[in-house]
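# Observations on the model geometry
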Amino acid sequence: MKKVKEMTLAKDFVDYTRELMGDALYKVLEDGLHQDPPISIRINPLKASRLGENDIAKSGEQTTEVVGWCHEGRYLPTRPNFTFDPLLHAGLYYVQEASSMFVSQVLSQLVDEPVMMLDLCAAPGGKTTAARSALPEGSILMCNEPMKMRASILAENMEKFGHSDVLVTNNFAKDYKAAGLLFDVILTDVPCSGEGMFRKDEGAIAEWSTQNVEQCAMLQRSIVENIWPCLREGGLLIYSTCTFNAHEDEENVNWIAKQLGAEFVEIETQPEWNITGSLIDNHPVYRFIPGKSRGEGLFVAVLRKHGEGRSALEMLSTNTGKSNKKNRHEARDKQSSGDIKKLKNQWLQGDFIVAEQQDNVFAIPAVWHQFYEKVYSKLHLIHVGVKMGTRKGRDIVPNTSLALSVALKAGAFPRIDVDYYTAINYLRKEAILLPDGTPRGIVLITYRNQPLGFVKNIGNRANNLYTAEWKIKSTYLPKEVTSVSW
């Protein structure tokens, strides 16, 4: 790997980290920080299977390698301009650094039946989409981001991923505590000092200080302490940071185990993954160190809460079955026989209940619609299930989220498959030309038969219905087709 430009690390960081790791391991880290980071993506198994072997071969000329700890992960030899690959916008893969994919390994080893899971600090959505890929079907995944703008990005990525058993919220850990929700698995990828991002983000180097490390360590404990009552007895806490120091890593998970009541859970790993264990004790923890493991800096520990409680998902199913409370959204769904209910049955496969938030129409899996009611009443819910569309007068204008959902019925809309440059123009939310004979009304735009979104064909032109906030803002036009193979 070629060298990248030199970086100047704070003396306090160098002195502490060398003492923590020892001279030999620190030298490995130091050399690794001066190398280009590996480029990696993670395939969306819900959608990638739609591409046949011939389609995959056409994706590009790059040769990929599988990430050892993640079946869907791939290393790329070079970094393409991902922005201009329509398949990225269609949700067929997610650009994610390889170390962070380890969450899929953790879940695949420890979770073998449906669960209720919360990803508490989830934006932009890399670990969340990895988790949703690894969870058994029938699981419910809630993902949360306290910062409003980042929460919008999280919702976008989850909508593009296309799974309907997902809820996205914009709250703090204390809000979840007050809501009284209970989970089988909680992932806390807590805010940290970001030492593991030094070679990717110069800002992380500039912002580092011993004071910031101390503040992060205290914040992390506060976040976990607030969310701890939401983890059922016997449930799993996955704690992670993208930093190297033991204050935010080993010392914090030891504090969680001792003060909150938990035991460490061991994950099976392979020697060729080059994962480093604890640097201060013998507890099973997992460190990814640039230069040794093939990814960015990451720390992961898994803790099981003391006690033996019933599955949170099982309790949810029991409570839902016993509840006689009439669901106001279910009632509204029954009253919408003339428009929304009919469209729901035409557009979606599966059993859904319709809910309206202001002018937005959502389809919620019927099996957990009463759980949705509780979440909606207690938290700031910004996405749930499938966003079908927006009410415009008497019409429902279908949303891009519907086009990208794997619950969309195959024959729900007429389809037009477009070429590469038309797809790019569409994703810029520009006007596109449709072939003669295209039916009037709502048309699904696809690229290589993968849905991108909708247009409304009115004869002499087509109104581009792609979500404005998601559009490609760059005016650059690639000279060659950008695509990624796997």
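We now turn to the structure provided with this report. The shown structure was predicted, so the numbers you read here are calculated from the model rather than taken from an experiment. All residue numbers refer to positions counted from 1 along the written sequence of the respective chain. Per-residue local features are limited, in this predicted model, to residues with pLDDT of at least 70; the limit for side-chain atom pairs, both in listing and counting, is 80 or more; totals at the level of whole chains, interfaces and linings are taken over all residues. Each side-chain value is derived from all of the structure's non-hydrogen atoms; neither hydrogens nor water enter the calculation.

Attention now moves to helix H1 (residues 11–21). A 1.4 Å probe rolled over the protein chains alone gives each residue an accessible area, and that area as a share of the maximum for its type sets the label: buried under 20%, exposed over 50%, partly exposed in between. Labels follow the DSSP assignment, with helices taken as runs of H or I lasting at least four residues and strands as runs of E lasting at least two, numbered in each case from the N terminus. The complete set of buried residues in H1 reads Phe13, Val14, Thr17, Leu20 and Met21. On an axial view of H1, the arc spanned by its buried residues comes to 140 degrees, and they lie on one face. Among the exposed residues of H1, those oriented more than 90 degrees off its buried face are Lys11 and Glu19. Any two residues whose heavy atoms approach within 4.5 Å are treated as being in contact. Contact partners of the buried residues in H1: helix H2 (23–33) and strand E11 (286–288). Among the residues trailing H1, Gly22 stands out with phi positive, at a value near 90 degrees. Each C-beta atom gives one direction from the helix axis, and the arc is the one those directions make.

Strands in a sheet are paired, the pairing made by backbone hydrogen bonds, and the direction either parallel or antiparallel. By the convention used here, strands pair only if DSSP detects at least 2 bridges between them. If you walk across this open sheet you meet the four strands as E13-E14-E16-E17, and the pairing is antiparallel. Two strands bound the open sheet, and with one partner strand each, they are strand E13 (352–357) and strand E17 (395–398). Ignoring strand direction, the axes of neighbouring strands in this sheet form an average angle of 35 degrees. Pairing geometry for strand E16 (residues 386–392) and E17, over four bridges, is antiparallel. Bridging across to E17, Arg391 finds its partner in Ile396. To define axes, lines are fitted to C-alpha atoms, for helices over the stretch in contact only, and angles between the resulting N-to-C directions are given on a 0 to 180 degree scale.

One broad rule of soluble globular proteins: the nonpolar side chains tend to lie buried together. What is meant by a nonpolar core is a set of buried Ala, Val, Leu, Ile, Met, Phe, Trp, Tyr and Cys residues, joined one to another through side-chain atoms within 4.5 Å. Residues Met142, Leu167, Tyr176, Leu181, Phe183, Ile256 and Phe371 are the most contacted members of the largest nonpolar core, which totals 46 residues. No other element matches the five residues that helix H12 (residues 250–261) contributes to this core. Judged by nonpolar contacts, the second largest core, of 34 residues, contains Ile39, Ile432, Ile445 and Tyr466.

As a further point, take the packing of aromatic side chains. Any pair of Phe, Tyr and Trp rings, taking the six-membered ring for Trp, is counted once the centres come within 6.5 Å. Such a pair is stacked with planes under 30 degrees apart, edge-to-face with planes over 60 apart, and tilted for the rest. A full pass over the atoms with the stated rule returns 18 aromatic pairs. An angle of 65 degrees between the planes, with centres 5.1 Å apart, marks the rings of Trp69 and Phe288 as edge-to-face. Of this pair, Trp69 sits in the loop between strand E2 (65–66) and strand E3 (73–76) while Phe288 sits in strand E11; the two residues are 219 residues apart in sequence, bridging distant segments of the chain. Residue Trp69 is classed as buried on the basis of its relative accessible area of 3%. A residue is classified by how much of its surface remains accessible, and Phe288, at 1% relative accessible area, is buried. With a centroid separation of 6.3 Å and 50 degrees between ring planes, the pair formed by Tyr176 and Phe183 is classed as tilted. The pair formed by Tyr176 and Phe183 is uniform in burial state, with each residue classed as buried. Put simply, the rings of Trp69, Phe102, Trp273, Tyr286 and Phe288 touch in pairs and so form one group of aromatic residues. Cation placement over rings: the criterion is NZ of Lys or CZ of Arg within 6 Å of the ring centroid and within 35° of the ring normal. Over the aromatic face of Tyr75 sits the side chain of Arg294, whose NZ or CZ is 3.9 Å from the ring centroid.

Let us now look at unusual backbone geometry. Geometrically, the link from Ala123 to Pro124 is a cis peptide bond, its omega value of 5 degrees lying close to zero. By the secondary structure assignment, Pro124 is in the loop between strand E5 (116–119) and helix H7 (126–134). Residues other than glycine seldom take positive phi values, yet Asn274 does so here, at roughly 55 degrees. Using a relative accessible area of 34% as the deciding quantity, one classes Asn274 as partly exposed. At Gln358, a residue that is not glycine, the phi angle is positive and equals roughly 55 degrees.

With that settled, the discussion passes to the sheet that holds strand E1 (residues 39–43). Pairing is antiparallel across the open sheet formed by four strands, whose spatial order is E2-E3-E1-E4. Looking at which strands have only one partner, the edges of the open sheet turn out to be E2 and strand E4 (93–95). Here four bridges tie E1 to E3, and the two strands are oriented antiparallel to one another. Residue pairing in the sheet places Ile39 in a bridge with Leu76 of E3. Contacting E1 and E4, H7 runs over the sheet at an angle of about 40 degrees to E1.

Attention now goes to the environment of His71. Position of His71 relative to the elements: it lies in the loop between E2 and E3. With relative accessibility at 63%, the residue His71 sits in the exposed group. Sequence-wise, His71 and Gly277 are 206 residues apart; in three dimensions their C-alpha atoms are separated by 22 Å.

Next up on the list: the packing of H7 against helix H8 (residues 148–161). One way to put it is that H7 packs onto H8 with a least axis distance of 10 Å and a crossing angle of 30 degrees. When the axes of H7 and H8 are compared, the pair comes out roughly parallel. Regarding H7 and H8, the two cross each other, and that crossing is right-handed. The residues of H8 that touch H7, namely those facing Thr128, Thr129, Arg132 and Ser133, are Leu154, Asn157, Met158 and Phe161. Should an angle fall under 35 degrees it is taken as roughly parallel, and over 145 as roughly antiparallel, whereas 65 to 115 is taken as roughly perpendicular and any remaining angle as oblique. When the near helix sits turned anticlockwise from the far one by under a right angle, the crossing is termed left-handed; a clockwise turn instead gives a right-handed crossing.

A separate point is the pairing of strand E18 (residues 415–418). The two faces of E18 differ: Ile416 and Val418 on one face are buried, but Arg415 and Asp417 on the other face are not. Two strands pair when backbone bridges link them, and E18 and strand E19 (residues 441–447) are joined in this way by four bridges, in the parallel orientation. Note on E19: the bridge partner recorded for Ile416 is Ile445.

Purely spatial values, then, with no claim about function.
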